[in-house]
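# Structural features, examined
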Amino acid sequence: MSENNRLRIAIQKSGRLSKESQKLLKSCGVKFNVNEQRLIVHADNMPIDLLRVRDDDIPGLVMDGVVDLGIIGENVLEEEQIERQTLGKPAECVKLRELDFGACRLSLAVPNEFSYENASSLEGLRIATSYPNLLRRYMQEKGINYSDCMLKGSVEVAPRAGLSDGICDLVSTGATLEANGLYETDVIYQSMACIIQSAEEQEPGKQALIDKILSRMNGVVRARE
Ligand code: PRT
Ligand code: ZN
């Protein structure tokens, strides 16, 4: 395989998925050392380059065929897919498998003093979120009118700051909601990390390497169950 034909895998640079993504690839036999300053890491023993980027950039890099594989939360993948479909941009990719880390759910939550009976209690509320597309899909399915307030961070403080009536954010233990006087009402999306492949046809040598990595990954994940 020539130098410019190395398999490119995008992983999160730093954050909740980065250590687990690196550990998984190492368990699949890919040898590398991460230099925190560098965007690209060349594997020592296989024609593989790791691209260390913001998680939000990973689905687009795969869908545009800039990288071959990506490890990403299904929440970010699905949000980007809806966004791109809306804009008429390429939104195709293949989910090779769900992984065994990154578990969380995207949920609606409201202040403790808010009285919630069912989803229609949310009618007319302003909801702060970093996931406007997943939120819109859920609210449209339920036939609920709402307005949104787009925040990339600190979503959980929006109601207390008077920016919104409720939030739609990722939850794992629920501690953040509790600490901010909020409670969960509707789970709108369950998520795990997953590995995705570009929809473009791969040159046979590269596809064989992808198949090898995936088969090892299946073994590693099964053994950890
Ligand atoms: O810098 P970059 O853009 O790459 O990272 P990021 O800050 O956007 O993402 P990061 O590292 O926080 O999360 C990456 C992915 O991890 C998410 O897209 C999810 O797929 C997954 N994940 C799993 C989570 C959580 N669990 C999680 N608990 N992502 C975020 N949270 C946050 C949540 O937003 C809230 O602030 O943790 C808080 C809630 O946690 P609990 O335990 O208090 O409920
Ligand atoms: Zn991000």
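Residues numbered from 1 in each chain as written. Chains lettered and ligands numbered in written order. Predicted model: local features only at pLDDT ≥ 70, side-chain atom pairs only at ≥ 80, totals over all residues. Heavy atoms only, no water.

## Concerning helix 3 (residues 74-87)
Here helix 3 contains 14 residues, and its C-alpha end-to-end distance of 20 Å stays within 8% of the 20 Å for a straight helix at 1.5 Å per residue. Listed as buried for helix 3 are Glu74, Asn75, Val76, Leu77, Glu78, Glu79, Gln81, Ile82 and Arg84. (Helix = DSSP H or I, 4+ residues; strand = E, 2+ residues; numbered from the N terminus. Expected span 1.5 Å × (residues − 1). Buried < 20%, exposed > 50% of the residue type's maximum accessible area, 1.4 Å probe, protein only.)

## What to know about the sheet that holds strand 4 (residues 69-73)
Strand order across the open sheet formed by 6 strands is 2-3-1-4-11-5, with mixed pairing between neighbours. Each edge of the sheet is formed by a strand with only one pairing partner; in this case those strands are strand 2 (40-42) and strand 5 (93-98). Going across the sheet, the axis of each strand differs from the next one's by a mean of 25°, ignoring polarity. The pairing of strand 1 (residues 7-12) with strand 4 spans 2 bridges and is classified as parallel. The residue of strand 4 that forms the bridge with isoleucine 9 is leucine 69. Of the strands in this sheet, strand 1, strand 3 (48-53) and strand 4 touch helix 1 (residues 18-27), which is tilted by about 145° from strand 1. Its contacts with the sheet place helix 6 (residues 204-224) against strand 1, strand 3, strand 4, strand 5 and strand 11 (193-198), and it is angled at close to 30° to strand 5. (Pairing = 2+ DSSP bridges. Axes fitted to C-alpha atoms, helices over the stretch in contact; angles between N-to-C directions. Contact = heavy atoms within 4.5 Å.)

## Examining unusual backbone geometry
The phi torsion at serine 154 lies on the positive side, around 55°, for a residue other than glycine. Note on placement: serine 154 falls in the loop between strand 8 (147-150) and strand 9 (166-171). The exposure class of serine 154 is partly exposed, given its relative accessible area of 48%.

## Quick look at the nonpolar core
Formed by 31 residues in total, the largest nonpolar core has its most connected members in Leu108 and Met139. Breaking this core down by element, the ones donating at least two residues are strand 3, helix 2 (58-63), helix 3, strand 6 (104-111), helix 4 (132-142), strand 10 (182-191) and strand 11. Counting 27 residues, the second largest nonpolar core, distinct from the first, contains Leu24, Leu25, Phe32 and Leu214. (Core = buried A, V, L, I, M, F, W, Y, C linked by side-chain atoms within 4.5 Å.)

## Quick look at the coordination of the zinc ion (ligand 2)
The coordination sphere of the zinc ion (ligand 2) contains the protein donors Asp55 (OD) and Asp56 (OD), at a distance range of 2.0 Å. Classification of the site at the zinc ion (ligand 2) as irregular follows from its 4 donor atoms and the range of 77 to 172° in their angles at the metal. (Donors = N, O, S within 2.8 Å, 3.2 Å for Na, K, Ca; no water. Tetrahedral: all angles 85-135°; square planar, octahedral: opposite > 155°, others 65-115°.)

## A word on the packing of helix 3 against helix 4
Packing of helix 3 against helix 4 brings their axes to within 8 Å, and their N-to-C directions diverge by 80°. Considered as vectors, helix 3 and helix 4 are oriented roughly perpendicular to each other. Contacts between helix 3 and helix 4 involve Asn75, Glu78, Glu79, Ile82, Glu83 and Thr86 on the former and, on the latter, Pro132, Asn133, Leu134 and Arg137. A per-class count over the contact of helix 3 with helix 4 returns 3 nonpolar, 3 polar and 4 charged. (Parallel < 35°, antiparallel > 145°, perpendicular 65-115°, else oblique. Nonpolar A, V, L, I, M, F, W, Y, C, P; charged D, E, K, R; others polar.)

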